[in-house]
Amino acid sequence: MSVEEKPGFGMSAMGAFSVPGPKSENDNLAPQRPAAACAKLAGIDATLDASGAVWWANTRTLIVSDLHLETGSSYARSGQMLPPYDTALTLARLAEAVGFYLPRRIIALGDSFHDPFGAERLNADDRDMLIALCGAAEMVWIEGNHDHDSAHVFGGTAQETYCLNGVTFRHIPTESAFEGSEVAGHLHPAARITVRGRTLKRRAFIGNDRRLVLPAFGCLTGGLAVNDPAFSELWSDGSEPRVHMIGSRGVYAVPV
């Protein structure tokens, strides 16, 4: 498997706002959720959801990372115009996962907004959606390097790190000498695999028994190759990471 770094996973998602074609008789059928994968990672019996979230059933906790809300409006401030729908798409995917798993707690692992002023640029509908999500469960906002603690104004609490059942949740993974289990984000893991002559690039989960790094949940975020030195440093103790790639029909374990 080869891997690479490229921005813009979510640009294809903008197709959701294109003009629809003729309806078929299958359009009225309820869409089937892509299959999740189960893995023991970072001390968690984790369900790796195709949305990019992790479900920890034992604690009824839904974990997401790097929502990067208001990415489009952030770029627009510097004259780079992107479709202004990324926040709505990202929140809709989060709402679907919340509705499916019905969590008691939601942990957002930082960079929930693309910049510290993103919360001020939310439109009314997106603001209402975010407030509703914060009211649906206990909301824990981990402070990121992009947004700091700006998201907690919609509900919940802002924390630099959060510990639950012996697992530490933080934004940026620590050095490999960290003692204990941790779940982090920040690095936006991604992988590319070639199947039947077709190359696919997708977001990915990467982790081992003591550490798990989530993919970015935001629809306009890029990805960092899982063989980048930034990841290699996390496994310098000789442990072997496992990669689970998100496909259109589910989450699949792939060779490193």
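Only a predicted model underlies this, so the values are computations on that prediction, with no experimental measurement involved.

A. Structural context of the nonpolar core. Counting 25 residues, the largest nonpolar core has Leu48, Phe169 and Val183 as its most contacted members. Sorting the residues of this core by element identifies strand E1 (37-41), strand E2 (44-48), strand E3 (54-56), strand E6 (138-142), strand E8 (162-164) and strand E9 (167-169) as the ones contributing at least two each. Beyond its immediate stretch of four places on either side in the chain, Val183 contacts Ala42, Ile44, Ile63, Leu109, Val167, Thr168, Phe169, Arg170, Leu212 and Leu214. Counting 24 residues, the second largest nonpolar core, distinct from the first, contains Leu62, Tyr101, Ala119 and Leu133.

B. Here's a closer look at the pairing of strand E16 (residues 251-254). Two strands pair when backbone bridges link them, and strand E15 (residues 242-246) and E16 are joined in this way by four bridges, in the antiparallel orientation. Bridging across to E16, Met245 finds its partner in Tyr252.

C. Summary view of the environment of Ile107. Following the sequence through the fold, Ile107 ends up in strand E5 (residues 105-108). Beyond its immediate chain neighbours, meaning those up to four positions away, Ile107 contacts Thr61, Leu62, Ile63, Val64, Val140, Ile142, Tyr162 and Phe169.

D. Spotlight on helix H2 (residues 86-101). Along its 16 residues, H2 runs 23 Å from first to last C-alpha, staying within 8% of the 22 Å computed at 1.5 Å per residue. Burial in H2 covers these residues: Asp86, Thr87, Leu89, Thr90, Leu91, Leu94, Ala97, Val98 and Tyr101.

E. Broad picture of the side chain of Arg170. Tracing the chain through its elements places Arg170 in the loop between E9 and strand E10 (181-184). What makes Arg170 buried here is its relative accessible area of 15%. Polar side-chain contacts of Arg170 include one of 2.7 Å to the side chain of Glu182. If we skip the residues at most four places from it in the chain, Arg170 touches Leu109, Ile142, Glu160, Thr161, Phe178, Glu182, Val183, Ala184 and Gly185.

F. Fine view of helix H3 (residues 124-136). With 13 residues, H3 extends 18 Å from end C-alpha to end C-alpha; this agrees with the ideal 18 Å at 1.5 Å per step. Taken as a whole, H3 has its buried residues at Asp126, Leu130, Leu133 and Cys134. The arc that holds the buried residues of H3, viewed along the axis, is 100 degrees, so those residues lie on one side. In H3, the exposed residues that point more than 90 degrees away from the buried face are Ala124, Asp125, Asp128 and Gly135. With a side-chain oxygen positioned 3.1 Å from the backbone nitrogen of Asp125, the residue opening H3 is Asn123.

Parameters and conventions
Residues numbered from 1 in each chain as written. Predicted model: local features only at pLDDT ≥ 70, side-chain atom pairs only at ≥ 80, totals over all residues. Heavy atoms only, no water. Core = buried A, V, L, I, M, F, W, Y, C linked by side-chain atoms within 4.5 Å. Buried < 20%, exposed > 50% of the residue type's maximum accessible area, 1.4 Å probe, protein only. Helix = DSSP H or I, 4+ residues; strand = E, 2+ residues; numbered from the N terminus. Contact = heavy atoms within 4.5 Å. Pairing = 2+ DSSP bridges. Expected span 1.5 Å × (residues − 1). Polar contact = N/O pair within 3.5 Å; in protein donor to acceptor, adjacent residues only side chain to side chain. Arc of directions from axis to C-beta.

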